[in-house]
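# Residue-level structure breakdown
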Amino acid sequence: MNIELILKEAVINAVEKLYKKTPDQKSIQIQQTRKDFEGDFTLVVFPLLRVSKKPPELTANEIGDYLKANIKQICEFNVIKGFLNLSIDKSFWISYLSSVAQKDNFGFIKNKENPKTILIEYSSPNTNKPLHLGHIRNNLLGYSVAKIIASQGDDVKKVNIVNDRGIHICKSMLAWQKWGDSVTPEISGKKGDHLVGDFYVKFDQEYKKEISILIAEGQTEEEAKQKAPLIQEAQEMLRKWEAQDSETISLWKDMNKWVLDGFDVTYKKLGVDFDKIYFESDTYKLGKKLVEEGLEKGALIKKEDGSVWADLTNEGLDQKILLRSDGTSVYMTQDLGTAHQRMTDYNAIEAIYVVGNEQIYHFQVLKIILGKLGFEWSENLHHLSYGMVELPAGKMKSREGTVVDADDLLEGMTATAEEMSRDLGKLDDFSESEKNDIIKTIGLGALKYFILKVDPKKTMTFDPKESIDFNGNTGPFIQYTYARIQSLIRKANDKNVDLPTDLNTKTKISNKELQLIKQIHTYPETLKEAAENYSPAHIANYIYDLVKEFNQFYHDHPIMSEEDKNISGFRLFLSKQVGEIIKSGMGLLGINVPDRM
RNA sequence: GGUCUCGUAGCUCAGUUGGAUAGAGCAAUAGCCUUCUAAGCUAUGGGUCGAAGGUUCGAAUCCUUCCGGGAUCACCA
């Protein structure tokens with residue numbers, strides 16, 4: 001019994017009765033009334049003037065009269081210009097709040113009729129360096145979007161495809177061989193991914209030296225880049241790897257394990273996980289068969305030199321190579337193969353790729369080619385592309401060491417949270433382990449919220465020198481409000497202020513309280529939109545507004561000292577519900593909320 | 001050059017399929033803790049929504065052109 005639907009239907013009836021015509025759905029525009037006006041919902045009558053053939057005010061008044069007479073929830077209305085503001089009876093809102101409390105996961109959809117299996121791929125790291133801030137954005141987005149979509153009743157599978165082979169991996173391996181002195185994570189005491197990453201940087205440094213020497217000797221930059229001994233050795237190593245040379249493979253396995261163990265630690269700290277991890281070393285040969293089949297079907301073309309291409313000129317794009325003249329495959333070929341493989345593995349019909357916006361073109365092409373190959377699900381492949389995270393100085397570059405490392409950042413956040421708590425004297429009477437849990441929750445919450453509240457497609461800048469805020473529109477602000485609510489509930493329990501099981505609909509409530517209930521009312525719609533748009537930011541901003549509103553309420557609506565039992569009970573009930581929604585919404589962002597802080 | 005994308009307060013960002021007087025936070029200033037957690041609340045200042053046209057009863061939102069930033073256009077991944 002969604003009140004907006006009831007209103008919509010009623011408006012249609014009104015128009016039919018009054019003007020003898022059926023309005024089309026689009027012309028019924030009902031929205032929340034802006035705060036500066038009296039009312040709960042507003043009908044915009046402009047689109048209906050065509051049917052009414054009367055001035056806006058008159059039309060609005062006529063419809064208002066009809067609605068007030070026929071819909072019992074409507075107690076009053078006013079008209080300003082072409083806007084018909086409808087007031088809903090307060091008892092309706094109070095009973096609505098009661099009904100919300102009876103739902104288990106308010107706003108979630110359970111037992112959806114035809115749940116879809118949706119794959120979401122995110123993270124997809126390279127095993128040659130540790131994770132950085134860009135990966136954090138990717139992981140948080142992927143994990144949160146997966147939760148949000150699942151909350152709307154579909155079956156979501158999280159997959160990670162680890163890029164564990166290729167020339168970049170060989171670079172780290174080679175540098176380790178040359179300058180590593182048999183060091184291991186155990187010996188150095190360094191986290192494996194960082195250790196390997198150091199060798200990747202080392203490679204680049206030495207490689208650059210060689211290049212500048214060659215250039216000094218008179219070669220062009222182009223030539224020098226190709227002819228430097230190090231890069232040639234790395235290429236040789238890749239050839240050996242592909243030929244399954246046992247020594248190379250063994251080194252590769254060792255170093256990959258170091259990195260993957262390191263990733264696991266970071267993933268765990270971040271609180272993200274996967275249903276399945278694919279490795280590119282297992283899948284990089286996939287796709288060739290699809291291409292050959294496509295060739296037979298005539299969906300692809302073969303050139304004189306034997307290379308195979310997809311012709312996308314009808315789609316306004318170029319031609320795209322899929323098999324080189326020597327028959328080897330390219331990145332796109334692989335991706336065709338892994339896409340097919342995954343969809344088959346899970347019998348899925350929809351997939352979301354969480355990948356940076358520099359690959360927009362790649363995914364556009366991928367989708368078209370899969371369509372040409374005859375896969376109907378190609379229509380349901382979505383690229384959730386997100387903007388880069390930049391430093392004030394510009395882009396982050398792993399090879400040059402100008403990155404914000406994920407582990408460092410996480411640690412820094414916890415440290416800041418601790419400092420903050422200490423300064424405020426918040427955690428003085430907590431045990432050491434409680435304290436640790438709480439500061440981790442707060443630090444992580446600050447980071448996650450900081451990243452997720454921003455529209456994914458926007459490029460964001462991050463200044464490592466300025467620590468992430470803990471006041472205002474931040475994770476800790478929301479967590480704090482939650483903790484206060486929990487404290488309220490505990491105190492109420494001690495002081496025998498009852499939490500009613502059912503609300504008295506005659507209770508007198510303030511505008512602020514009404515406003516809060518109305519905001520609770522939009523939570524399910526917010527979740528739905530967030531799922532449709534793959535947008536955690538929607539939810540983040542919703543919770544912020546709710547919390548802001550709640551704090552105002554909290555400030556000037558006493559609960560314990562309120563003598564009217566009806567009112568104190570109602571306020572406690574309302575507070576608890578707000579708390580539930582904070583927890584639920586933050587949960588969808590992958591952010592925990594503490595009971596005390 | 002083609003395609004895509006972004007441009008809203010000093011800074012970081014909201015702004016639902018076009019709707020009423022464009023909103024928050026940070027930073028600045030001034031208030032509020034013997035009473036439910038001050039990581040909070042209140043107030044003040046701060047804007048030609050990149051620019052110009054157009055569509056519309058109505059545009060930050062849609063269309064066109066231009067300006068500025070970013071991405072991409074490999075027989076790299």
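## Points about the nonpolar core
Soluble globular proteins tend to bury their nonpolar side chains together. One finds Leu67 and Ile582 to be the most contacted residues of the largest nonpolar core, which totals 142 residues. Of the domains in this structure, domain 1 (3–88) and domain 2 (406–588) are the two that each give at least three residues to this core. The residues touching Leu67, leaving out its near neighbours within four places in the chain, are Ala10, Val11, Ile74, Leu84 and Leu86. Counting 32 residues, the second largest nonpolar core, distinct from the first, contains Leu119, Val308, Leu312 and Phe363.

## Describing the packing of aromatic side chains
Under the counting rule described, the total for this entry stands at 20 aromatic pairs. Taken together, the ring pairs in this structure connect Phe41, Phe92, Trp93 and Tyr96 into an aromatic cluster. Lying over the aromatic face of Trp309, Lys303 brings its terminal NZ or CZ to 4.1 Å of the ring centre.

## Focus: the pattern of salt bridges
Under the definition given, this model contains 31 salt bridges. Note that Lys225 and Glu221 form a salt bridge whose closest N and O atoms lie 3.5 Å from each other. You can see Lys225 and its partner Glu221 sitting in helix H9 (residues 221–227), four residues apart, about one turn around the helix. Classification of Glu221 as partly exposed rests on a relative accessible area of 46%. A cluster of three or more residues bridged by salt bridges with shared partners is formed by Lys191, Asp193, Lys269 and Asp407.

## Description of unusual backbone geometry
One non-glycine residue, Lys53, lies in the positive phi region at around 55°. Considering the arrangement of structural elements, one finds Lys53 in the loop between helix H2 (49–52) and helix H3 (56–70). For Lys53, a relative accessible area of 64% translates into the label exposed. In the Ramachandran plot, Tyr534 falls in the positive-phi region, its phi being about 50° despite a non-glycine side chain. Tracing the backbone through its elements, the reader meets Tyr534 in the loop between helix H20 (523–532) and helix H21 (536–556). Look at Tyr534 and you get buried, because its relative accessible area is 14%.

## Examining the protein's contact with RNA strand B
Around RNA strand B, the structure places 64 residues, and the nearest of them are Arg34, Arg324, Lys426, Tyr480 and Tyr544. Of everything in RNA strand B that lies within 4 Å of the protein, sugar and phosphate atoms constitute 59%. The contact in question runs from a phosphate oxygen of RNA strand B to an N or O atom on the side chain of Arg34, over 2.4 Å. In the environment of RNA strand B, a phosphate oxygen lies 3.2 Å from a nitrogen or oxygen atom belonging to the side chain of Lys548. Counting only elements with at least two residues in the surface near RNA strand B, the list comes to strand E1 (29–32), strand E2 (41–44), strand E4 (83–88), helix H14 (331–346), helix H16 (406–424), helix H18 (475–494) and H21. Residues that form the surface near RNA strand B fall into these classes: 26 nonpolar, 20 polar and 18 charged.

## Thoughts on the domain arrangement of chain A
As far as domains go, chain A holds domain 1 (3–88) and domain 2 (406–588). The gap between the C-alpha centroids of domain 1 and domain 2 is 35 Å. The junction of domain 1 with domain 2 conceals about 460 Å² of combined surface from both sides, 44% of it contributed by carbon and sulfur atoms. Of all residues in domain 1, Gln32, Lys35 and Asp40 bury the most surface against domain 2, accounting for 73% of the area lost on that side. One can count two salt bridges joining domain 1 with domain 2. Between the two partners, domain 1 and domain 2, sit three residue pairs in polar contact (both at pLDDT 80 or more). Here the residues of the side of domain 1 that touches domain 2 are counted per class, giving two nonpolar, two polar and three charged.

## Details of the packing of helix H17 (residues 432–452) against H18
Relative orientation and spacing of two packed helices are given, respectively, by the angle between their axes and the distance between those axes. Following both chains from N to C, one finds H17 and H18 inclined at 130°, their axes separated by 7 Å at the closest point. What the angle tells us is that H17 and H18 run oblique. Every residue of H18 that contacts H17 at Thr441, Ile442, Gly445, Ala446 and Tyr449 is listed here: Gly475, Pro476, Ile478 and Gln479. Class assignment of the residues belonging to the contact of H17 with H18 gives a composition of five nonpolar, four polar and no charged.

## Observations regarding the sheet that holds E4
The strand order across the open sheet built from four strands is E1-E2-E4-E3, with neighbouring strands paired in antiparallel fashion. The sheet terminates laterally at E1 and strand E3 (74–80), the two strands that pair on one side only. Taking each pair of neighbouring strands and ignoring which way they run, the sheet shows an average axis angle of 25°. Pairing of E1 with E2 involves four bridges; the strand directions are antiparallel. What sits directly across from Ile30, in E2, is Leu43.

## Details of the packing of helix H10 (residues 229–242) against helix H11 (residues 246–270)
Closest axis-to-axis distance for the H10/H11 pair is 8 Å, and the angle between their directions is 100°. By the angle between their axes, H10 is roughly perpendicular relative to H11. Across from Met237, Lys240 and Trp241 in H10, the residues of H11 making contact are Thr248, Ile249, Leu251 and Trp252. Grouping the amino acids of the contact of H10 with H11 by side-chain chemistry returns five nonpolar, one polar and one charged.

Criteria and cut-off values
- Residues numbered from 1 in each chain as written.
- Chains lettered and ligands numbered in written order.
- Predicted model: local features only at pLDDT ≥ 70, side-chain atom pairs only at ≥ 80, totals over all residues.
- Heavy atoms only, no water.
- Core = buried A, V, L, I, M, F, W, Y, C linked by side-chain atoms within 4.5 Å.
- Buried < 20%, exposed > 50% of the residue type's maximum accessible area, 1.4 Å probe, protein only.
- Domains from an automatic or database assignment.
- Contact = heavy atoms within 4.5 Å.
- Phe/Tyr/Trp six-rings, centres within 6.5 Å; stacked < 30°, edge-to-face > 60°.
- Lys NZ or Arg CZ within 6 Å of the ring centre and 35° of its normal.
- Salt bridge = Lys/Arg side-chain N within 4 Å of Asp/Glu carboxyl O.
- Helix = DSSP H or I, 4+ residues; strand = E, 2+ residues; numbered from the N terminus.
- Near = heavy atom within 4 Å.
- Polar contact = N/O pair within 3.5 Å; in protein donor to acceptor, adjacent residues only side chain to side chain.
- Nonpolar A, V, L, I, M, F, W, Y, C, P; charged D, E, K, R; others polar.
- Buried area = accessible area lost by both parts, 1.4 Å probe.
- Axes fitted to C-alpha atoms, helices over the stretch in contact; angles between N-to-C directions.
- Parallel < 35°, antiparallel > 145°, perpendicular 65-115°, else oblique.
- Pairing = 2+ DSSP bridges.

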